[in-house]
Structure formats: structure tokens, C-alpha cells
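Residue-level structure breakdown
Residue-level listing of the chains:
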Amino acid sequence: MRMLIGGLLGLFGLAFSSHLAAFEPQEILKDPDYYQVSLSPDGKHIGLLKKTDDGKEILIVDSKTMKAVNVLVFPEDNELNQFYWATDERLIVDLSSESKTKNSYQKRSDFDRKISKSHRIKVRRARDLVREFRNTDLYAINIDNSEGKFIFGKRAIQKRGQDWYEVSKEKRQTHQSKPHVISIMPSDPEHILIRTHYKNSSSVFKLNIDTGGLERWIDMEYRPQQFKYFDSVNELWNVSYENKQAFLEKFHPKAGKWQRYEPKSMTRDLELIDFDLEKELPIVSDYCGNNTRSFCYFDPQRGKLDPFFNEYSYGVEQLFLSKKGEPVGYGWLGEYPQYKMTSNETQRAKVIAGLLDTFKGFHIDIEWQYKTANKALITVHGDVQAPTWYLFDANRKEKLVYVASERKSIAPKQLNTTYSFKFDSLDEVTIQGYATLPQKPLSSPPPAVVIFNSNIYENRMRWSFDPLVQFISAHGVAVVQVNHRGTPGFGEAFKNLGRPIHKDSILQDVIDAVDYLQKNKQISQKVCILGKDRGAQSAFKASLLAPKTFSCVISDSARFSHYEDESKNKYSLVNRADEQQVPVLLMYGQKGKEKLEYNQGILMQEALKKHKKVVEVYERNEDDYYLNDESHRAAHFEAMINFVLRYIK
């Protein structure tokens, strides 16, 4: 357990304080106090996206005095998603609002009538008709609240009282697409660079931050996975995947064309990172011929990826650079966060080394601003430490100044520690996982909930602050998370051991992890398994494979691989409902993204009842798959923990 409390730490003589108050588990499920903290390009102001009783607002703070100088407030019907510093004094704000397009609601209504005739799955096309219809617009405003204007989106082009379809078709297609900011383009203070997607195509525009004027750079008949604008050399690159082939592209503005590169060792996981001015080469993250993810240079002339930072057992995740873009250190997540400095010749490298020493054992992110070498925004978090922001200012006597904490009302000492564990499977594969043990267990050893990975294609289980983990463990229940074979982050060989993902060996790793912890008296024989989305299907299948290991199973928004076409039901778990021996909680919603999961849940519920199995259902009436609403989130997880406690006490 690592906590930023009590005493002095490290090179900068930084003091931390905290307070302890009565802690209720529901407290951890509340919305964060702060969502985003960002430093202005000149380092003179800090913007904080802050929770309020009515929604969110942007607080502007003077970085010298650390006092608020202004507050930017938006109408209640706007969802404030995030903001960007376009210049030292002007922000670009991402605002969403409910769509009032009649046709959208008509399509949804028609679909609801159609689907109500049957619980059977409709074609995937139908899923698109019930997605949440929201407008996403870009709004520009100065930090003194002046010169506010919509510069992109529906509200930027539709005049008051004007029907949407009176706007030209070209403008509608451009502005109804959700914009994504690629770069604020530091060398061009009047513009930012954005991308949009429309159906299966993409477009890149230069957007004027004052007038909303658009300069179309290029249209593509495909959707790149990533755009990256290297500000130091004013170059736009993208990573794409087409016809099972991954490739890189560099944009040439004068010609209006992309130049394509296809390095032999490139995978679809390649990520563009930065540009090294000394070597005049892009820096990327990919395997680059190694077993684990590495940092590499891409040489366009040779068409080759050359690795320069790599760890044998774990993929590297974080790169530290000098002012000229030279790599000076890197970080990776083994069992816990680890960092290595490879150079201390520059002042920035020395500062980074000092920060890593000060926050040793934590995840740490450092955001340097391009106009000043003396200031940076530091983000720190860990298992019992919610994201916390600090300002580094080389000109201050106290180099580090506390800015804000994501959850200011919860002290680290009130939360439960997450420990790493390892064991070797019967086929001699090393499996790593995490166990979060309650300070006040229901029994000794405590009962447990196993959380199955919901997306093993992209994510691993991490040592980090997790509200769900803390909520469950606050009820006296241990939480177990397993990085079974197939999980990314441990190398290609380990990942390939678990593909395809319906292999029973994946489930056996989780079952063996429970057995390992029980033999070491870390958890009791009372264990429930929980999964969401893909993880929900795996959790259900694990309970069939080892009914004596698990006391209950929770399937949240599961897809049980069941289709109207019976020939496709080779892996259908609905057809195996008769094998279930433990109580089941099915959780799903009715609308939007969850329409497919809702139908799958209904089918499983009926099958379990048919075979007289113990099944409970929690049905969300609202369209909130990601549980963004605080009240929905609280009700959802309260139903979950009540079910768990009924069967593991």
C-alpha cells in the first residue's frame, strides 16, 4: 500500500496531509470532485473541470497565487465532456446535448415496436438504430468569459429557428460527426486540427478558433485507428488497418496526399508517441520484433522499426523525453509501477528523476507545456490513492504545489490495499493477479469476489485506484483480479496462449488463482465470480466449469453467444443453462447500447427458469450502459453487493 500522507517525501521536501472521517461504501460510487486538470501553454493558469450540484463547470486558477480567478458555467442541458487550451487565454470546450431530431426518435420507436414482438436477437444493424442520439459541439471561449462561440457542430451552423434540413447536406454531414481534437497546433495560434468520422470515412480539418472557419485537409475512405500531429515538426501521421494489413501514413499538405509505409514488423497495436528532433525520426510503441511492447524509432527511408527501450517480461507504457524529444527514461507496469532513467545529463532529466523518486511506487504522469520549461502538471495515483494533481514550478521555493484530488472527501487510510500474487499453473505458465484485502473482513479469511477481465483484447488487470474494487472490499469482501493467459501487457507469447478467447485454459487460470489464494488462507471457500460484457460470458462459463469453486455468479450486460440461426450456436451458453448449479444474477438495461445484451439476458433468464435454477434479475430502466449517472451507479452496485452477501456470508 502506498499513500501520499504524513511527513516529508523525496527531493522536493513535499508535505502531504489527509483527514479521516466516517467512511460509507456508497461514498466511493459518487461522481469525482474533479474530472480534468490542465495547465495553460504559458503555465500561468490551471483549468479544472469541476463537479457542481447542477453538473460541471470549469474553474480557472492563477498558478502563482493558486487562487481562482474565474468560473466558466454552461447551461444545464449541456454535458461538459472536456476542454483544451487553444492559446494562453482561450479554451475549446467539448459540449454534448440531447438531439431533438424527429427522425432519430421515429427510428428508435419503430425499432422498439419491432423488437417487442420477440425476445430473439435481431440483426446487428438494428443496434445502430438505438444508440443514444447526442450532438457533440466545440465551443470556444476566453478564460475571462468573453467571446464565447460555437465553432463546430450542429449549433455552429444551425441558425435559431432554422430547421436542420434547411442546412446544406454537405454541412450537415460534416458537422453532425463527432469532432476529435488532434492537436492545438502551437505554431498556429488561430487554428486547431480536428478529425471527424462519417459512416466508414474520415476527414481532417483545420478549424479557426475564433470564426469556426474550416479548411479541409483531406478525406479518407477508411477510418484510421490513430492520428498524431507532431507539433515540433508540424507533421501529421496516422496508423491504419485495412484488409488485414497495418500501415503508417504521413500527410503532405501541399500535395494533399498521404505517403504510406508498411514496416514488416508492424502490428495493428502500433501507437505514435512523439518526434525526436536530434534523430529526426518518429517514436512509436509496438513490438518491433520483440516479445513485449517496446519503444522504437521508425525510419521512413529504411521502412524499419528499431527498438531502443524494452523490458523482457512486461510491455513498456510510458516514455520520458528531453525538451528536444530525446528519450531519457521509461516506465512499465510489472506487478507494481516501475521506472528507469537512462540519462541524467539534462536539467529536465534530473527533474524527472527527482519526481520519480518523490512519488516512488505510484503511477506518475508528467505534462510539460511547450512554452515553458519550468512548469509541469503532475498526476499521481495508486491502489488507495485517487488521481491527485500537483504543479511543479522550478522557480518556487517549494517546487511542488498541491492542486486538487479527484476525490477529496476520501482519505487513503480508509481504503483497502491491493497486493500482487503469482503462481505457476499445472502446465508451468506463470500467472499474476491482484488481491484487495478488506481491513474489516466478514470472516477470517474473508469471502471473495472474482472480477473477470471485460476486455482482454486491449486491457490487463492493473494495480490502480478502482471504485468498484474499493466498494466491494468496503463490505468486508476480498476482491480478486487475474491476468490469465491471453492478457495483453505480458508479451506476445503469453497473449497467444489465450487465443481464441473462449479457451477453457483462460477460465482454468482464474479457477487455479482462487485455489492458490484459498490454500494460502488469503480468502475463504465462499467465492462469487463477476463479469461485464465479454467478461460476463466468461464468468458464467467459469461457474459451469467449476461449480464447487464458486458460490454465485453475476453476469452484467452479457452476450451469451446465442443467435436466431441455430447453426451459429456452437458456443451458446443459453443451451447450457441446465448445467448451472449456483445462483445467478443477470444485470442488463433495455435501451441503447444494451439492446442486444437485453435480449440475450431475457433468453438466459427464461432458460434458467425452465430448468428451475436460482436466478435473479436487475434491470436498468435507463439508457446508461457505462453507469455515468451517479444514482444509476449506486443502485446498480447496491443490487450487486446485496446479491453477493446473500450467498457468501
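So, how was this worked out
Residues numbered from 1 in each chain as written. Predicted model: local features only at pLDDT ≥ 70, side-chain atom pairs only at ≥ 80, totals over all residues. Heavy atoms only, no water. pLDDT = per-residue confidence, 0-100. Contact = heavy atoms within 4.5 Å. Phe/Tyr/Trp six-rings, centres within 6.5 Å; stacked < 30°, edge-to-face > 60°. Helix = DSSP H or I, 4+ residues; strand = E, 2+ residues; numbered from the N terminus. Buried < 20%, exposed > 50% of the residue type's maximum accessible area, 1.4 Å probe, protein only. Lys NZ or Arg CZ within 6 Å of the ring centre and 35° of its normal. Expected span 1.5 Å × (residues − 1). Salt bridge = Lys/Arg side-chain N within 4 Å of Asp/Glu carboxyl O. Disulfide = S-S within 2.5 Å. Patch = residues over 30% accessible without salt bridge, like charges linked within 9 Å, V, L, I, M, F, W, Y side chains within 5 Å. Areas by Shrake-Rupley, 256 points an atom, 1.4 Å probe, with all protein chains shown as cover. Lys, Arg positive; Asp, Glu negative; His and termini not counted. Charge placed at Lys NZ, Arg CZ, Asp CG, Glu CD. Pairing = 2+ DSSP bridges. Axes fitted to C-alpha atoms, helices over the stretch in contact; angles between N-to-C directions.

What follows deals with the confidence of the model for the chain. For the chain, the average pLDDT comes to 88, and 89% of its residues sit at 70 or higher. Contacts from residues 1-20, a stretch scored under 50 in pLDDT, to residues over four places away or in other chains number 62 contacts. Every residue in residues 100-133 scores below 50 in pLDDT, and together they form 52 contacts with partners more than four places removed in sequence or on other chains.

This paragraph deals with the packing of aromatic side chains. Overall, the coordinates contain 30 aromatic pairs when judged by the stated rule. On the numbers, 6.0 Å between centres and 45 degrees between planes, the contact of Phe320 with Tyr339 is tilted. Separated by 19 residues along the polypeptide, Phe320 in strand S23 (residues 316-321) and Tyr339 in strand S25 (residues 337-341) bring together distant segments of the chain. Given the relative accessible area of 22%, Tyr339 is considered partly exposed. Lying over the aromatic face of Tyr35, Lys56 brings its terminal NZ or CZ to 4.3 Å of the ring centre.

Next up on the list: helix H9 (residues 534-545). Across its 12 residues, H9 extends 17 Å between first and last C-alpha, which sits within 8% of the 16 Å expected from 1.5 Å per residue. Of all 12 residues in H9, nine are buried, a share of seventy percent or more. Regarding H9, the residues found buried are Gly535, Ala536, Ser538, Ala539, Phe540, Lys541, Ala542, Ser543 and Leu544.

Counted by the stated rule, this structure contains 30 salt bridges. The salt bridge involving Asp509 is made with Arg485; its shortest N-O contact spans 2.8 Å. On the criterion of sequence distance, the pair formed by Asp509 in helix H8 (residues 504-519) and Arg485 in the loop between strand S33 (478-483) and helix H7 (492-497) is long-range, its members being 24 residues apart. With a shortest N-O distance of 3.0 Å, Glu579 and Arg576 are connected by a salt bridge. Using a relative accessible area of 27% as the deciding quantity, one classes Arg576 as partly exposed. The network of salt bridges with shared partners includes Glu170, Arg216 and Asp219.

Time to look at the state of the cysteines. Taken as a whole and assessed by the stated rule, the structure comprises two disulfides. A sulfur-sulfur distance of 1.9 Å marks the disulfide that ties Cys288 to Cys296. Taking the torsion about the sulfur-sulfur bond, which here is approximately 105 degrees, the covalent link between Cys288 and Cys296 counts as right-handed. Here Cys288 falls in the buried class, since its relative accessible area comes to 7%. Cys296 gets classed as buried once you look at its relative accessible area, which sits at 0%.

This part covers a negative patch on the surface. Taken together, the side chains of Asp53, Asp54, Glu76 and Asp77 present a region of like negative charge at the surface. Mapped onto the fold, Asp54 is located in the loop between strand S4 (45-52) and strand S5 (55-62).

What follows deals with the sheet that holds S25. Across the sheet, which stays open at both edges, the three strands sit in the order S23-S24-S25 with antiparallel pairing between neighbours. The open sheet terminates on both sides in strands that have one partner only, identified here as S23 and S25. Looking at each pair of strands side by side, their axes are set apart by 20 degrees on average, direction ignored. As defined by bridge partners, strand S24 (residues 327-333) adjoins S25 across five bridges and the pair is classed as antiparallel. Pairing of Tyr330 across the sheet is with Lys340, part of S25. Against the sheet, helix H5 (residues 347-358) touches S23, S24 and S25, its axis set at about 155 degrees to S25.

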